[in-house]
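# Fold and geometry: a report
Letter by letter, the chains look like this.
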6 protein chains.
Amino acid sequence: MSHGGDTGKPAEESDAVAGFTAYRKRMNERILAEPNQVVRRFFALDTQTYQAGALDLKTKELLGLVASMVLRCDDCISYHVAQCKDAGVNREEMFEAFSVGLVVGGSIVIPHMRRAVAFLDELEGQSSTGASAGAAIQPHQHG
Amino acid sequence: MSHGGDTGKPAEESDAVAGFTAYRKRMNERILAEPNQVVRRFFALDTQTYQAGALDLKTKELLGLVASMVLRCDDCISYHVAQCKDAGVNREEMFEAFSVGLVVGGSIVIPHMRRAVAFLDELEGQSSTGASAGAAIQPHQHG
Amino acid sequence: MSHGGDTGKPAEESDAVAGFTAYRKRMNERILAEPNQVVRRFFALDTQTYQAGALDLKTKELLGLVASMVLRCDDCISYHVAQCKDAGVNREEMFEAFSVGLVVGGSIVIPHMRRAVAFLDELEGQSSTGASAGAAIQPHQHG
Amino acid sequence: MSHGGDTGKPAEESDAVAGFTAYRKRMNERILAEPNQVVRRFFALDTQTYQAGALDLKTKELLGLVASMVLRCDDCISYHVAQCKDAGVNREEMFEAFSVGLVVGGSIVIPHMRRAVAFLDELEGQSSTGASAGAAIQPHQHG
Amino acid sequence: MSHGGDTGKPAEESDAVAGFTAYRKRMNERILAEPNQVVRRFFALDTQTYQAGALDLKTKELLGLVASMVLRCDDCISYHVAQCKDAGVNREEMFEAFSVGLVVGGSIVIPHMRRAVAFLDELEGQSSTGASAGAAIQPHQHG
Amino acid sequence: MSHGGDTGKPAEESDAVAGFTAYRKRMNERILAEPNQVVRRFFALDTQTYQAGALDLKTKELLGLVASMVLRCDDCISYHVAQCKDAGVNREEMFEAFSVGLVVGGSIVIPHMRRAVAFLDELEGQSSTGASAGAAIQPHQHG
């Protein structure tokens, strides 16, 4: 989720998105500071998983996104939405990925899709949530 | 989320419940504004699913409630609790549905049941949560 | 699942259904023979859960069926399909319950729905599976 | 499990794979013969979901595959492995998709990955399972 | 949720932890006040489950913790983290239990592990989350 | 799972258990023969996870067992039941671990518990399933 030189913070990086990112970073550091080799190796393996190989980065991030949707993890979805956007996935493609997650996972996925769209809107700098934008993506702040 | 002076607002429709409903409505509109036919058809199908047929509305909403409980989706549970109440499910019946969800899904369902009861209490106009009522059902606002 | 006096075995109780029932019974006895009070109490509570109360038996079995579908447990589905049938749920109602499970749980439920219908067909004495009927519901034999 | 004299059957379409396909087809017909509109529409929507759009067919099938892996449904995995192969996914790409499913879903995915590889081997005409090949992919026959 | 001057409150019992505990207690009382025998018996059975027997208390709480992690329930994780700490599980053992949950359950467990560590840090009186500590463990308040 | 000197195959290592073990071994070799580094590293990490550390081997295997139960994976359960037995877990302890899995995961776990007990019985050389013992644990053969 390195957005390059964001001097002054660009419009598409809202406070809510930044808060989500900061919490992730802080707690990941906390976890990796612990001398548990299995945990550390898992985190390294997780990073390696999404590197381009036979499948390109964009495809792999889309796979991560849909896996996160059907398993219904808001933080994972937010993370992969951001990664997909960085990898060049446009809004129409994002919604097609959402549609696969929705049909495979069922209506139980809908609340997570609502939050995914709110997060995507924040990333794209178009608040979908009016005055209470911060509250809308509040769940993402936690992790 | 301020519970202060809600002029004219009926007791059983708290600000928290209203916030939950408003967020759902706003984001659903956002999603349906997107030109993705699979997503739109899924939402239409979801609505159709709970219409009275061989099984009546009340039974179908109870099915939706228990399915949501065992899959542990707070927003889905809140939604179906409200729909069940509208369909005439009383508190004793609601708890029997909860009990099926609890026994099938196990103790992992308990935190969701706590929030379901807090939401039901809000709907019924009897705050179960004292001064910090808003905080208690805060998760429901998000989706 | 007591079908009354099955002299000569009625058409609707196929060998496959009987095998499923026998395996469940044998292993439940094995489990309850163990001096573990938590397990025994859980089994007793499970039985109590589906007794008629504020909600009638038929509704409760339908709740158990849909919960089993969205959690995708073939044996639980088979059990509740049989219980529903005994409680007077007809085929049209059964399919409406299936439809709720399908929409809430998504396409991942479909393979379980195929086996549920195969099991229901066996119960109703109309083999849906041609010559290899036994193989078709074979998964249910195991538990 | 032998389906009789299959003269002319290509090597990569084993009896086991054919049995799986036949059971799916037969039970799907059985389900769609039922006058339940929600179920029928869901099946139609499920088909529509994987049609090429902003994302191509190959990507969508890979999404379906990984979603099926993390939700751990053998039949869904087998189905999407076959669809992926038809869409031109090669073995190396298939394993990269498996690796995403494995890391996101954890070691609980491993038994399903074993069966996925056995099924892929059958599709590719290289039995991975020695003399008892039929038994190895037996679960896939059921649905 | 302000961490400021907590007069008399021990360092390891932060306001956030206390809020979580209070909400659990209040809603459990609310639930048990309802005349539903299945629910009441389930709660009693849940308590009985973790009593020392052939396995000691510490082992049982660790089992509850890992089960909660792979099922990804933040409140259940927080509860068992606290119970484990009370039963004498030290930080290194806690992380080994986390590592089992992580490897079995996959990367989807990571956000829950972040919150588990934040909660553990609060319990141990070492805020891992800087100025916005309250926000960091906010989810735990709800259940 | 080496049970020592099995002259002519000891009673506690039935054909079904051996078949399960052989299938696992064969397919794992097949998977590890593939040049996918993420998959290989995951398998290595999975092995490392259960090595004695701050927690002993027995405790870790019990954690793996309960995690497998609540996630309802028969093959994983069978594997950890065998590993637990090798690590010295006796039948009473095994049932206490089962009871935690049952209460956390709910009645949906019961069919898996039936198969776990059947597998344990096979391991202990006391067939719980009469004449059709092979059929009873047949699911375990597949993976």
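Keep in mind that what you see is a predicted model, and the values were worked out from it rather than measured. (Residues numbered from 1 in each chain as written. Chains lettered and ligands numbered in written order. Predicted model: local features only at pLDDT ≥ 70, side-chain atom pairs only at ≥ 80, totals over all residues.)

## Focus on the overall build of chain A
For chain A, the helix and strand inventory stands at 8 helices and 0 strands. Overall, chain A shows an N-to-C arrangement of helices and strands of α-α-α-α-α-α-α-α. Considering chain A as a whole, with its 143 residues, one finds that 57% of them fall into the buried category. Put simply, of all contacts in chain A between residues at least 6 apart along the chain, 61% involve residues at least 24 apart. (Helix = DSSP H or I, 4+ residues; strand = E, 2+ residues; numbered from the N terminus. Buried ≥ 20, exposed ≤ 12 C-beta atoms within 10 Å, placed from the backbone. Contact = placed C-beta atoms within 7 Å.)

## A short note on the interface of chain E and chain C
Every contact between the two is made by 6 residues of chain E and, on the other side, 6 residues of chain C. Across the side of chain E that touches chain C, the residue classes tally to 3 nonpolar, 2 polar and 1 charged. (Nonpolar A, V, L, I, M, F, W, Y, C, P; charged D, E, K, R; others polar.)

## Looking at the relation of the copies chain A and chain D
Screw-axis analysis of chain A against chain D gives a translation of 0.0 Å along the axis, an RMSD of 0.0 Å, and a rotation angle of 180°. The two molecules are tied by a two-fold rotation axis, judged by turn and shift. A share of 100% of interface residues in chain A that are also interface residues in chain D marks the association as one of identical surfaces. (Least-squares fit on C-alpha atoms with pLDDT ≥ 70 in both.)

## Some words on the relation of the copies chain E and chain C
Once chain E is rotated about the relating axis by 180° and shifted along it by 0.0 Å, it coincides with chain C to within an RMSD of 0.0 Å. The share of interface residues of chain E whose copies in chain C are also at the interface is 100%, consistent with both copies meeting through the same surface.

## Focus: the confidence of the model for chain A
Residue and element names in this part refer to chain A. Of all residues in chain A, 79% have pLDDT values of 70 or greater, and the mean over the chain is 84. Considering only residues more than four positions removed or in separate chains, one finds that residues 1-12, a stretch of pLDDT under 50, has 10 contacts. Within the model, pLDDT remains below 50 along residues 130-143, and this stretch shows 40 contacts once partners closer than five positions in the same chain are excluded. The ipTM for the predicted assembly is 0.83, set against a pTM of 0.87. (pLDDT = per-residue confidence, 0-100.)

## A look at the environment of alanine 67 of chain E
Residue placement: alanine 67 of chain E occurs in helix α3 (residues 57-71). Each C-alpha atom, one on alanine 67 of chain E and one on arginine 114 of chain E, is 16 Å from the other, the two residues being 47 residues apart in sequence. For alanine 67 of chain E, the contacting residues outside a window of four places in its chain are Val66, Ala67, Val70, Val100, Gly101 and Val104 of chain F.

## What about helix α4 (residues 74-86) of chain C?
Residues and elements named next belong to chain C. Here α4 spans 18 Å end to end across 13 residues, near enough to the 18 Å set by a 1.5 Å rise per residue. Of all 13 residues that make up α4, 10 are buried, and the element is covered over most of its length. Burial in α4 covers these residues: Asp74, Asp75, Cys76, Ile77, Ser78, Tyr79, His80, Val81, Ala82 and Cys84. A positive phi of about 95° marks glycine 88, the residue just after α4. (Expected span 1.5 Å × (residues − 1).)

## So, the nonpolar core
Membership of the largest hydrophobic core comes to 266 residues, with the highest contact counts inside it found for Val66 of chain A, Val66 of chain B, Val66 of chain C, Val66 of chain D, Val66 of chain E together with Val66 of chain F. In contact with valine 66 of chain C, not counting residues within four places along its chain, are Leu63, Val66 and Ala67 of chain B together with Ala97, Val100 and Gly101 of chain C. (Core = buried A, V, L, I, M, F, W, Y, C linked by C-beta atoms within 7 Å.)

## Focus: the interface of chain A and chain D
Contacts between the two partners involve 24 residues from chain A and, on the opposite side, 24 residues from chain D. For the side of chain A that touches chain D, the secondary-structure elements that each account for two or more residues are α2 (37-49), α3 (57-70) and α5 (91-105) of chain A. Among the elements that take part in the side of chain A that touches chain D, α5 of chain A stands out by supplying 9 residues, more than any other. Each residue belonging to the side of chain A that touches chain D can be placed in one class, and the counts come to 13 nonpolar, 6 polar and 5 charged.

## What to know about the packing of α2 of chain A against helix α2 (residues 37-49) of chain F
With their axes 11 Å apart at the nearest point, α2 of chain A and α2 of chain F run at an angle of 165° to one another. Of the possible angle classes, the one that applies to α2 of chain A and α2 of chain F is roughly antiparallel. Pair α2 of chain A / α2 of chain F crosses with left-handed handedness. Residues Val38, Arg41, Phe42, Leu45, Gln48 and Thr49 of chain A of α2 of chain A pack against Val38, Arg41, Phe42, Leu45, Gln48 and Thr49 of chain F of α2 of chain F. Looking at the contact of α2 of chain A with α2 of chain F, its residues break down into 6 nonpolar, 4 polar and 2 charged. (Axes fitted to C-alpha atoms, helices over the stretch in contact; angles between N-to-C directions. Parallel < 35°, antiparallel > 145°, perpendicular 65-115°, else oblique. Left-handed = near helix turned anticlockwise from the far one by under 90°.)

## Considerations on the packing of α3 of chain A against α5 of chain A
All names here are of chain A. Following both chains from N to C, one finds α3 and α5 inclined at 35°, their axes separated by 9 Å at the closest point. Remark: the crossing between α3 and α5 carries right-handed chirality. Across the interface between the two elements, Leu62, Leu65, Val66, Met69 and Val70 of α3 pack against Ala97, Phe98, Val100, Gly101, Val104 and Gly105 of α5.

## Points about unusual backbone geometry
All names here are of chain D. Non-glycine residue arginine 72 carries a positive phi angle of around 60°. By the element assignment, arginine 72 lies in the loop between α3 (57-71) and α4 (74-86). Arginine 72 gets classed as buried once you count the C-beta atoms within 10 Å, which come to 20.

## Examining the environment of glutamate 96 of chain F
Structurally, the position occupied by glutamate 96 of chain F is in helix α5 (residues 91-105). A tally of 25 C-beta atoms within 10 Å means that glutamate 96 of chain F is categorised as buried. Each C-alpha atom of the pair glutamate 96 of chain F and proline 35 of chain F lies 41 Å from the other, and the pair is 61 residues apart in sequence. Apart from the residues lying within four places of it in its own chain, the contact partners of glutamate 96 of chain F are Asn36 of chain C together with Gly53, Ala54 and Leu55 of chain E.

## Comments concerning helix α2 (residues 37-49) of chain E
Along its 13 residues, α2 of chain E runs 18 Å from first to last C-alpha, staying within 8% of the 18 Å computed at 1.5 Å per residue. In this structure, the buried residues of α2 of chain E make contact with α5 (91-105) of chain B, α2 (37-49) of chain C, α1 (15-32) of chain E together with α5 of chain F.

## Concerning the environment of arginine 41 of chain F
With respect to the element layout, arginine 41 of chain F can be found in helix α2. Each C-alpha atom, one on arginine 41 of chain F and one on glutamate 96 of chain F, is 33 Å from the other, the two residues being 55 residues apart in sequence.

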